[in-house]
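# Structural characterization, general
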Amino acid sequence: MRIILLLPVPPLPLGDAASRWFYVLVKGLVKKGHKLTTFVVCKDRETIDKLTHIFPVPEYDLRCYLVPKQLGIISKFKTIQRPYSYIFSYELQTDLYSELTKKYDVFHCEVIWSGWLGLKHLEKALLNIHYLFSLDGSFENNQSLENRFRKFLTYRAEQKLLKSFPRIITLSDRLNKHIQTINPQAKIYTVPLGIDFSLYPFSQQNKINPQPIVGVIGSFNWTPSYTAAERLLTRLWPEIKRLIPNAKLQIVGRSARDALAKFTDIESLEIYQNVPDIFPYFANIDVMLYAPISGSGMKVKVMEAFALGTPVVTTSEGVEGIPAEDGIHAGICEDDQGLIDRTVELLNNPNLRQERRVKARELLEFYCSPQVTVGRIEQIYQSII
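As a starting point, this report considers the structure included with it. This is a predicted model, so every value here is computed, not measured.

Within the structure shown, the criterion is met by 17 salt bridges. Here Asp-336 makes a salt bridge to Arg-231, at a shortest N to O gap of 2.8 Å. Of this pair, Asp-336 sits in helix α12 (residues 336-347) while Arg-231 sits in helix α8 (residues 223-243); the two residues are 105 residues apart in sequence, bridging distant segments of the chain. What emerges from the salt-bridge pattern is a single network uniting Arg-2, Asp-61, Arg-63, Glu-99 and Lys-102.

Dropping the structure here:
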């Protein structure tokens, strides 16, 4: 099939959440023999150089474009018209629309804001929704006039794009049902994020720390991860520490120390910000306790914990898009006491931790492998054709 793919962030094997799926998608489609032209937004030349090595020509037709510089009042006017569309440069749009005048089978737009460039090509367009601001509550903590205006523009833009596309992919049943209420006529498919398991080494036996370690790993400038950390620090950790006095707490990830500065004096807390390699921290913690207050879509740090063999305690939103079962693949509960009980149980039982980590990895391999996820994408393409 002849596929045109639009990516708002680069397809890097160990980049951010979306990047890792994009890497699987591009590699998988080309491996299966499809003729793929990919348009990619990049923030810097260094990233473009990396992509050139990862996706060499002529095997890959990957075209990279820098985020354009913003030009004062013109930029603000465009943002009001089409929020978050500023990342797509004039050069990218020109080249993309030129490609769309040629023969192709599917125009695949990843992440909702890519939909701005698909509005005039809906006949063969497909939009993949990873999350929705209107479900995440991203603007609720700041009620300034500017933030309320941003909230209005963002929610309105989401509604417009969701109502416009006749075919939409989501990552979870929750997103699927929500979008169905907004656009009942749309054909909506559910496909989980794919994981390249060759990038996630799994040890058959995890080490046991002399002092048990509870951890949360994420990007703390993202609302779900921030709320998970805040809940852990204020509502969960004091009781866990009382029950297991020698336990330690580690919080690791992007903007961790900046976002959580007011909590740094908490007993037995270590915060590591913007670390070069996150994998050693997954290996070091005994239980990842990730309980966001809100947040739509699949939580990639939970997926990575499953992949690397770190036992997880979380909420139903933490495992959104994954058919994980409480007591088998993870500890899954909504209330604080249930989360505390499941964490303490795991910290006190190395054998139980071993069972959970093996089951979680097996589940992810079955449900989120490139073969399964890219294969499902192929089926959707075929239905469009």
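Quick look at α8 now. Taking 1.5 Å per residue, 21 residues should reach 30 Å; α8 reaches 29 Å between its end C-alpha atoms and fits that length. Maximal helix bending in α8 amounts to about 55°, located at Leu-236; proline Pro-238 follows within four positions.

Our focus in this paragraph is a negative patch on the surface. A cluster of like negative charges, contributed by Glu-334, Asp-335, Asp-341 and Glu-345, occupies part of the molecular surface. With respect to the helices and strands, Asp-335 occurs in the loop between β13 (331-332) and α12. By relative accessible area, which is 42% here, Asp-335 ends up partly exposed.

On to the sheet that holds strand β4 (residues 106-110), then. Strand order across the open sheet formed by 7 strands is β3-β2-β1-β4-β5-β6-β7, with parallel pairing between neighbours. Each edge of the open sheet is held by one strand with a lone partner, namely β3 (61-66) and β7 (187-190). For this sheet, the mean angle separating the axes of adjacent strands, direction not counted, is 20°. Looking at chain direction, strand β1 (residues 2-7) and strand β2 (residues 35-42) are connected through 6 bridges and run parallel.

With 96 residues, the main nonpolar core has Ile-240, Ile-251, Leu-260, Met-288, Met-303 and Phe-306 as its most contacted residues. At 9 residues, helix α1 (residues 17-31) tops the list of elements feeding residues into this core. In this view, Ile-240 contacts Val-214, Leu-289, Ile-340, Thr-343, Val-344 and Leu-347; residues no more than four positions away in its chain are not counted. Among the nonpolar cores identified, the runner-up in size contains 36 residues, and Leu-96, Leu-117, Tyr-155 and Ala-157 belong to it.

With that settled, the discussion passes to unusual backbone geometry. Here the residue pair Val-57 and Pro-58 is connected by a cis peptide bond, since its omega of 0° sits within 30 degrees of zero. Position of Pro-58 relative to the elements: it lies in the loop between α2 (45-54) and β3. Positive phi, normally seen in glycine, also occurs at Tyr-84, with a value near 70°. Looking at the element boundaries, Tyr-84 is found in the loop between α3 (72-81) and α4 (90-99).

Looking now at the environment of Tyr-381. Structurally, Tyr-381 can be placed in helix α14 (residues 370-384). Aside from chain neighbours lying at most four places away, what touches Tyr-381 is Met-1, Ile-3, Leu-29, Val-106, His-108 and Leu-126. In this structure the side chain of Tyr-381 is engaged in a polar contact, spanning 2.6 Å, whose partner is the side chain of His-108.

Strands sit in the order β10-β9-β8-β11-β12-β13 across an open sheet of 6 strands; the sheet is parallel. Sheet topology places β10 (269-273) and β13 at the edges, where each strand pairs with a single neighbour. Sheet analysis places strand β9 (residues 248-254) next to β10, joined by 5 bridges and oriented parallel. Looking at the pairing, Ile-251 lines up with Ile-271 of β10. Strand contacts of α12: β8 (213-219), β11 (287-290), β12 (312-314) and β13, with the helix running at about 175° to β12, the strand carrying the most contacts.

Definitions and cut-offs
Residues numbered from 1 in each chain as written. Predicted model: local features only at pLDDT ≥ 70, side-chain atom pairs only at ≥ 80, totals over all residues. Heavy atoms only, no water. Salt bridge = Lys/Arg side-chain N within 4 Å of Asp/Glu carboxyl O. Helix = DSSP H or I, 4+ residues; strand = E, 2+ residues; numbered from the N terminus. Expected span 1.5 Å × (residues − 1). Bend = angle between axes of the 7 residues up to and from the residue. Patch = residues over 30% accessible without salt bridge, like charges linked within 9 Å, V, L, I, M, F, W, Y side chains within 5 Å. Areas by Shrake-Rupley, 256 points an atom, 1.4 Å probe, with all protein chains shown as cover. Lys, Arg positive; Asp, Glu negative; His and termini not counted. Charge placed at Lys NZ, Arg CZ, Asp CG, Glu CD. Buried < 20%, exposed > 50% of the residue type's maximum accessible area, 1.4 Å probe, protein only. Pairing = 2+ DSSP bridges. Axes fitted to C-alpha atoms, helices over the stretch in contact; angles between N-to-C directions. Core = buried A, V, L, I, M, F, W, Y, C linked by side-chain atoms within 4.5 Å. Contact = heavy atoms within 4.5 Å. Polar contact = N/O pair within 3.5 Å; in protein donor to acceptor, adjacent residues only side chain to side chain.

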